[in-house]
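Residue strings, one per chain:
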Amino acid sequence: MKRRHLLQAAGATLAVPQLALAQSYPAKAMRYIVPVAAGGGSDMIARVVTERWGKALGQGIVVDNQSGGGGVVACQLTARAPADGYTLLQGYVATHGTTPATRRVNYDAVTDFTPIGMIGATPNVLAINANVPARDIKEFIDYVKRQPGKLSYGSAGQGSLTHLTMELLKQETGMFLLHIPYRGIAPAINDLLGGQTQAIFPGLAAALPHLRSGRMRALAVTGRQRSPQLKDVPTMEEVGFKGFDAMQWYGVVGPAGMPPDIVRRLNETQIAVLKAPELAEKLSGEAVEPWPMTPEQFGQYIKADVARWTALAKARNIRLDE
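Residues numbered from 1 in each chain as written. Predicted model: local features only at pLDDT ≥ 70, side-chain atom pairs only at ≥ 80, totals over all residues. Heavy atoms only, no water.

A. Just the packing of aromatic side chains, in detail. Counted according to the given criterion, the structure contains nine aromatic pairs. Judged by centre distance (6.4 Å) and plane angle (85°), the ring pair of Tyr32 and Trp53 falls under edge-to-face. Here the residue Tyr32 occupies a position in strand E1 (residues 30–34), and Trp53 occupies one in helix H2 (residues 41–57), the gap between them amounting to 21 residues. An identical accessibility class is assigned to Tyr32 and Trp53; each is buried. Seen in terms of ring centroids, Tyr92 and Tyr250 are 6.3 Å apart; in terms of plane orientation they differ by 10°. Their pairing is stacked. Taken together, the positions of Tyr92 in strand E3 (residues 87–92) and Tyr250 in strand E10 (residues 247–255) put the pair 158 residues apart, joining distant regions of the chain. Overall, Tyr250 belongs to the buried group, its relative accessible area being 10%. Ring pairing ties together the aromatic residues Trp249, Trp291, Phe298 and Tyr301, which thus form one cluster. Positioned above the aromatic ring of Trp309 is the side chain of Arg308, whose terminal nitrogen or guanidinium carbon lies 5.3 Å from the ring centre. (Phe/Tyr/Trp six-rings, centres within 6.5 Å; stacked < 30°, edge-to-face > 60°. Helix = DSSP H or I, 4+ residues; strand = E, 2+ residues; numbered from the N terminus. Buried < 20%, exposed > 50% of the residue type's maximum accessible area, 1.4 Å probe, protein only. Lys NZ or Arg CZ within 6 Å of the ring centre and 35° of its normal.)

B. Region of the structure containing the side chain of His96. In this structure, His96 sits in helix H4 (residues 94–102). Excluding residues within four positions of it along the chain, His96 makes contact with Cys75, Leu89, Gly91, Ala109, Phe113, Trp249, Val253, Ile302, Asp305 and Val306. (Contact = heavy atoms within 4.5 Å.)

C. Structural context of the pattern of salt bridges. Under the criterion given, the structure shown has twelve salt bridges. Notably, a salt bridge pairs Asp245 with Arg224, separated by 3.1 Å at the nearest N-O pair. Taken together, the residues span a long stretch of sequence, with Asp245 in the loop between strand E9 (216–221) and E10 and Arg224 in the loop between E9 and E10 at a distance of 21 residues. With a relative accessible area of 11%, Asp245 lands in the buried category. Residue Asp245 pairs with Arg308 through a salt bridge whose shortest N-O separation is 2.9 Å. Here Asp245 is found in the loop between E9 and E10, whereas its partner Arg308 is found in helix H11 (residues 295–315), with 63 residues between them in sequence. Counted as one network, the salt bridges with shared partners bring together Arg224, Asp245, Asp305 and Arg308. (Salt bridge = Lys/Arg side-chain N within 4 Å of Asp/Glu carboxyl O.)

D. The arrangement of the nonpolar core in detail. Judged by nonpolar contacts, the single largest core of 80 residues is most densely connected at Tyr32, Trp53, Phe140, Leu169, Leu266 and Trp309. With seven residues, the top contributor of residues to this core is H11. Counting residues in each nonpolar core, the second largest holds 18 residues, with Tyr182, Ala207, Met216 and Ala287 among its members. (Core = buried A, V, L, I, M, F, W, Y, C linked by side-chain atoms within 4.5 Å.)

E. Molecular detail of the environment of Val49. Tracing the backbone shows Val49 in helix H2. Spatially, the C-alpha atom of Val49 lies 34 Å from that of Asp321, the residues being 272 residues apart in sequence. Those residues in contact with Val49 that lie beyond four places of it in its chain are Ile119 and Val273.

F. Expanded view of the confidence of the model for the protein chain. On average, residues of the protein chain carry a pLDDT of 93, and 93% of them reach 70 or more. This stretch, residues 1–7, has a pLDDT under 50; its non-local contacts, to residues over four places away or in other chains, come to one contact. (pLDDT = per-residue confidence, 0-100.)

G. The arrangement of the packing of H4 against H11 in detail. Axis separation between H4 and H11 bottoms out at 8 Å; the angle between their running directions is 30°. With respect to each other, H4 and H11 are oriented roughly parallel. Judged by the sense of rotation from one axis to the other, the crossing of H4 with H11 is right-handed. On the side of H4, the interface is formed by His96, Gly97, Thr98, Ala101 and Thr102, while H11 contributes Ile302, Asp305, Val306, Trp309, Thr310 and Ala313. Each residue belonging to the contact of H4 with H11 can be placed in one class, and the counts come to five nonpolar, five polar and one charged. (Axes fitted to C-alpha atoms, helices over the stretch in contact; angles between N-to-C directions. Parallel < 35°, antiparallel > 145°, perpendicular 65-115°, else oblique. Left-handed = near helix turned anticlockwise from the far one by under 90°. Nonpolar A, V, L, I, M, F, W, Y, C, P; charged D, E, K, R; others polar.)

H. Spatial organisation of the sheet that holds strand E7 (residues 178–181). Sheet architecture is open: five strands sit in the order E7-E6-E8-E5-E9, paired in mixed fashion. The open sheet has two free edges, formed respectively by E7 and E9, since each of these has just one partner strand. Relative to strand E8 (residues 199–200), strand E6 (residues 152–155) runs parallel, the two being bridged by two bridges. When the sheet's bridge partners are listed, Gly154 is paired in E8 with Ile200. Across the sheet, helix H8 (residues 204–213) touches strand E5 (125–129) and E9, and the angle it forms with E9 is around 140°. (Pairing = 2+ DSSP bridges.)

I. Spatial organisation of the layout of surface pockets. In this structure, the largest pocket occupies an estimated 910 Å³ of space. Lining the second largest pocket are 20 residues; nearest its centre among them are Ala121, Pro123, Gln225, Met247 and Glu289. Elements with a contribution of two residues or more to the lining of the second largest pocket: strand E4 (113–123) and strand E11 (289–290). Residue composition of the lining of the second largest pocket, grouped by class: ten nonpolar, six polar and four charged. (1 Å grid on protein atoms, 1.4 Å probe; cavity = no way out; pocket = protein on both sides within 12 Å on 5 of 7 lines; lining within 4 Å. Points joined across faces, edges and corners; volume = space filled by probe spheres on them.)

J. Seen up close, the pairing of E4. The element E4 is largely enclosed, with a buried count of ten among its eleven residues. Bridge analysis of E4 against E10 gives nine bridges, and the strand direction is antiparallel. Bridge pairing in E10 links Gly120 to Tyr250. Bridge count between E4 and E11: two bridges; the pairing is antiparallel. The partner of Ala121 across the bridge, within E11, is Glu289.

And the structure:
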């Protein structure tokens, strides 16, 4: 047999197991790693999605909460798992955006994972204490610039999205606000409501109850369109900050090197689940809008997010392991 025919035959032999694997997948329950403790918003999203996704795939999906190290533990477990489609990770803006940008981690957010697809995203909202004399973002910026060094903002912690988003605004406006990091967004919001700080840039779900009570005032939201929950609040882009679309996002990745046919099956069933109106209603409790993407689109989104926050961290001298 000629060499060319031998190579063709070898290729066909390799392709048959791959094809059979994809056609029989999934043949058992899958492990779905969530990088936070049970009970929070990210965990709720995971359980709502996997319940419906498992039915679409014909197999159970077992949620495995692996908190620790700001998502680093979960990322390591996933990156080291077999790339057979039976271990998936619900990544989010911290694991595949802000953490790699601000800390030295022993995984690569891009090359160590296979993108499956985006689940959805929620905007961050620039909010101020109701007693701050500003009705829009321009008035707020002017107010801060008239009192350099006297005003402060709270965040959910050093290197968090709430920290970096406000630092991005400071970089673009030249205003100075002292950063007060907290252990989580709840105590940061409590101090804003009490007047100890004047501004904050939290996720919409955390801010909504206080915006509705009138104790906190929304000036703008991130993202490319207005939030359905805050229809009267403009986007950052509308008020002049082009490309200011920093979002709290959630998506699914697997270990690097997953078979393309399995990735395609996972993505197609995920998108079908995300398009169901009933799921959108469930996710709205966390102010999350379904945001289906192809694996290629999601991979490019992750690359862009890591690059965005890495550039900002370098410019603002934010490095948390030095």
